[in-house]
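The residues making up each chain are set out below.
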Amino acid sequence: MKRVITYGTFDLLHYGHINLLKRAKQYGDYLIVGLSTDEFNWNEKHKKTYFSYEKRKQLLESIRYVDLVIPEENWEQKVSDANEFHVDYFVMGDDWTGKFDFVQEESNAKVIYLPRTPEISTTQIKNDLNR
C-alpha cells in the first residue's frame, strides 16, 4: 500500500483544495491530511481561520479522497509524521517548492510539489468578499 501525506489549513474549502487532494491521492492508496490546528494557524502562520479545526476536519473527512486527518501542530512534525505513518509521498502545492525538500532527506518519503489551481485561492476568496 502506498501512503501519501499533505498538509494545509483547508479553510473556506473550495475546488482548488479538492483538486489538490484528488491529485495527491493519485500517488497512492491512502491519503493522510495534516490539518493545521487553530493554535498553529494563529501562533505560527499568523492566520485567523473562519472555521474551527473541528469543522474543517469534518469537511475533510467527508471527502472521498481523504482517508485520515491528523492535527498539524508545528512545522517540525512533518518528518516524524512521514516516518510514523510510513509515507511514500509527501505532496504539497507548488507555492511551497523547495521548502520541504528536507523531508525527503530525513525520511523515506519522496517530496512532490503539485501545481496549484491557478484561478482560485482562499486568499482570493477573502479579498473578493471584502471588496
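Only a predicted model underlies this, so the values are computations on that prediction, with no experimental measurement involved.

### Section: the layout of surface pockets
By volume, the largest pocket amounts to about 630 Å³. Lining the largest pocket we find 31 residues, and of these Thr-9, His-17, Lys-47, Asp-95 and Arg-116 sit closest to its centre. Of all the secondary structure elements, the ones that give two or more residues to the lining of the largest pocket are β1 (3–8), α1 (15–25), β4 (89–93) and α6 (122–129). When residues in the lining of the largest pocket are grouped by element, the largest group, four residues, is from α1. Tallied by class, the residues present in the lining of the largest pocket amount to 10 nonpolar, 11 polar and 10 charged.

### Details of the pattern of salt bridges
The full count for this structure, using the stated rule, is six salt bridges. For the salt bridge of Glu-61 with Lys-57, the shortest nitrogen-to-oxygen distance reads 3.0 Å. Pair noted here: Glu-61 and Lys-57 are both in helix α3 (residues 53–61), with a separation of four residues, about one helical turn. The closest approach of N and O atoms between Arg-116 and Asp-95, which form a salt bridge, is 3.1 Å. Taken as a pair, Arg-116 in the loop between β5 (110–114) and α6 and Asp-95 in the loop between β4 and α5 (101–106) lie far apart in primary sequence, 21 residues in all. Take Arg-116: its relative accessible area is 40%, and that puts it in the partly exposed class. By sharing partners, the salt bridges in this structure join Lys-45, Glu-72 and Lys-78 into a single network.

Rules and cut-offs
- Residues numbered from 1 in each chain as written.
- Predicted model: local features only at pLDDT ≥ 70, side-chain atom pairs only at ≥ 80, totals over all residues.
- Heavy atoms only, no water.
- 1 Å grid on protein atoms, 1.4 Å probe; cavity = no way out; pocket = protein on both sides within 12 Å on 5 of 7 lines; lining within 4 Å.
- Points joined across faces, edges and corners; volume = space filled by probe spheres on them.
- Helix = DSSP H or I, 4+ residues; strand = E, 2+ residues; numbered from the N terminus.
- Nonpolar A, V, L, I, M, F, W, Y, C, P; charged D, E, K, R; others polar.
- Salt bridge = Lys/Arg side-chain N within 4 Å of Asp/Glu carboxyl O.
- Buried < 20%, exposed > 50% of the residue type's maximum accessible area, 1.4 Å probe, protein only.

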